[in-house]
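# Working through the structure, step by step
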Amino acid sequence: MEYLSKSLHELKKEPTFQHHPRCRKLDITHISFADDLLLFARGNLSSVTGLYKCFSQFSKASGTNTITRKALVAWDKICTPKSVGGLYLINLPLWNKAAIAKTWWDLAHKQDKLWIRWISAYYIQQQQLQHMPIPQQASWMVRRIIGSRVTMLQAQNSSDHNTSSIRQIYLQLIGELPRVSWKCLVFQNSARPKAVFTMWLLLHGRLPTKDRLANWGINVTPHCVMCSGQVETREHLFVQCSYATELWNKVMKWIQRDQMISSCWDLHL
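What comes next concerns the included structure. (Residues numbered from 1 in each chain as written. Predicted model: local features only at pLDDT ≥ 70, side-chain atom pairs only at ≥ 80, totals over all residues. Heavy atoms only, no water.)

## As for the overall build of the protein chain
Keep this limit in mind: Each helix is a run of H or I in the DSSP string that is no shorter than four residues. Each strand is a run of E no shorter than two, and both are numbered from the N terminus. Burial classification: accessible surface area is computed with a 1.4 Å probe over protein chains only, and a residue below 20% of its type maximum counts as buried, one above 50% as exposed, and the rest as partly exposed. Using a 1.4 Å probe, accessible areas were evaluated by the Shrake-Rupley method; residue-level cover was limited to the displayed protein chains.
Of regular secondary structure, the protein chain possesses 14 helices and 2 strands. The proportion of buried residues among the 269 residues of the protein chain is 31%. Accessible surface computed for the protein chain: about 18,000 Å², of which carbon and sulfur atoms make up 56%.

## Section: the environment of Thr-209
Here is the rule: We call two residues contacting when some pair of their heavy atoms lies within 4.5 Å. Each polar contact in these results corresponds to two N or O atoms within 3.5 Å; when the atoms are within protein, one needs to be able to donate a hydrogen and the other to accept it, and residues that are neighboring in sequence are counted only if both atoms are side-chain atoms.
Take Thr-209: it is sitting in the loop between α11 (193-203) and α12 (210-215). The class for Thr-209 is buried, based on a relative accessible area of 3%. Sequence-wise, Thr-209 and Cys-224 are 15 residues apart; in three dimensions their C-alpha atoms are separated by 9.0 Å. Beyond its immediate stretch of four places on either side in the chain, Thr-209 contacts Glu-232, Thr-233, Arg-234 and Leu-237. Looking at Thr-209, its side chain comes within polar contact range of the side chain of Asp-211, at 2.5 Å.

## Let's talk about the pattern of salt bridges
Defined as follows: Basic side-chain nitrogens of Lys or Arg form a salt bridge, by our definition, when they fall within 4 Å of a carboxyl oxygen of Asp or Glu.
Tallied over the full model, the rule gives 7 salt bridges. Of the charged contacts in the structure, one is a salt bridge between Lys-13 and Glu-10, with a shortest N-O distance of 3.3 Å. Judged by its relative accessible area of 39%, Glu-10 falls in the partly exposed class. The salt bridge partner of Lys-12 is Asp-27, with a shortest N-O separation of 3.0 Å.

## Points about the environment of Thr-49
Tracing the sequence through the fold places Thr-49 in helix α2 (residues 45-62). On the basis of relative accessible area, Thr-49 is assigned to the partly exposed category, the value being 32%. Taking the C-alpha atoms as reference, Thr-49 lies 9.3 Å from Thr-16; in sequence the two are 33 residues apart.

## Some details on the nonpolar core
Rules: Here, nonpolar core refers to any group of buried Ala, Val, Leu, Ile, Met, Phe, Trp, Tyr and Cys residues whose side-chain atoms link them within 4.5 Å.
Of all hydrophobic cores here, the largest spans 24 residues; its most connected members are Leu-107, Ile-119 and Ile-169. At the level of elements, α5 (92-108), α6 (114-124), α7 (140-147), α8 (149-156) and α9 (166-174) are the ones that each hand at least two residues to this core. Per element, the largest residue contribution to this core is 7 residues, and it comes from α5. Apart from residues lying up to four places away in sequence, Leu-107 is in contact with Ile-116, Ile-119, Ser-120, Ile-124, Leu-129 and Ile-145. Counting 10 residues, the second largest nonpolar core, distinct from the first, contains Ile-78, Trp-182, Trp-200 and Leu-202.

## Some details on the packing of α5 against α8
Threshold: In this analysis, axes come from line fits to C-alpha atoms, helices being fitted only over the stretch in contact, and the angle between any two N-to-C directions falls in the range 0 to 180 degrees. Note that the term roughly parallel is reserved for angles under 35 degrees, roughly antiparallel for angles over 145, roughly perpendicular for angles of 65 to 115, and oblique for everything else. When residue character is reported, Ala, Val, Leu, Ile, Met, Phe, Trp, Tyr, Cys and Pro are called nonpolar, Asp, Glu, Lys and Arg charged, and the others, Gly included, polar.
Where α5 contacts α8, the two axes come as close as 9 Å, and the packing angle between them is 95 degrees. Here α5 is positioned roughly perpendicular relative to α8, judged by the angle of their axes. For the pair α5 and α8, the contacting residues are Lys-97, Ala-101, Trp-104 and Trp-105 in the first and Arg-149, Thr-151 and Met-152 in the second. For the contact of α5 with α8, the per-class residue count stands at 4 nonpolar, 1 polar and 2 charged.

See below:
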């Protein structure tokens, strides 16, 4: 978006572009939000064509036509707990499975709820909930609840057998994952959110450095943006680059620590 914003600012210099009548005095061409973009221009052909060219250049430079299917981090990883390197966003399909499984748990434990008593009276009766056939005459919701015993079996196979809440079932469906050592570095950091998110991508090896962009088929110059000497990789940009090395040396001297000599980013954690 920064590239697109810069292109739209440069568009003001084009003689064929004309501002929106209400935006000329403040020299406004666009306003961007987190999930929206407002464009302002006179509605003539030359101005609209200029806007279209900016979007075409942005699409070509960012690979929007192909890169949108290449997420920086997989959604399943983003939804994992922070202790294992995720952002702990709720995976709604998995949470929905956990919520339905919790209703099955209520049925199995005969919880005193009207909804549970109604299903027990009309569909379960004297049958064993774990082994009864799914009643085909029941509504799809009842069939999903009774069929969720498979989900409960999956959750109960984890090391923690406590399945009395939706959250506990949800965490057990996520499963046991290896913990990361850098949780406090990211999630207890007072830096601005953009810097923290960049650090999170860096630790996962998912920053869109030029070597990764080239692998995605985007036409970019592969050399480092800082020194222009070597191919821009994660290790080079943050450790091996002469600019990065000088910066790290000054930081280590300021905090009175030994200077770093490793050329591998993982060894710095």
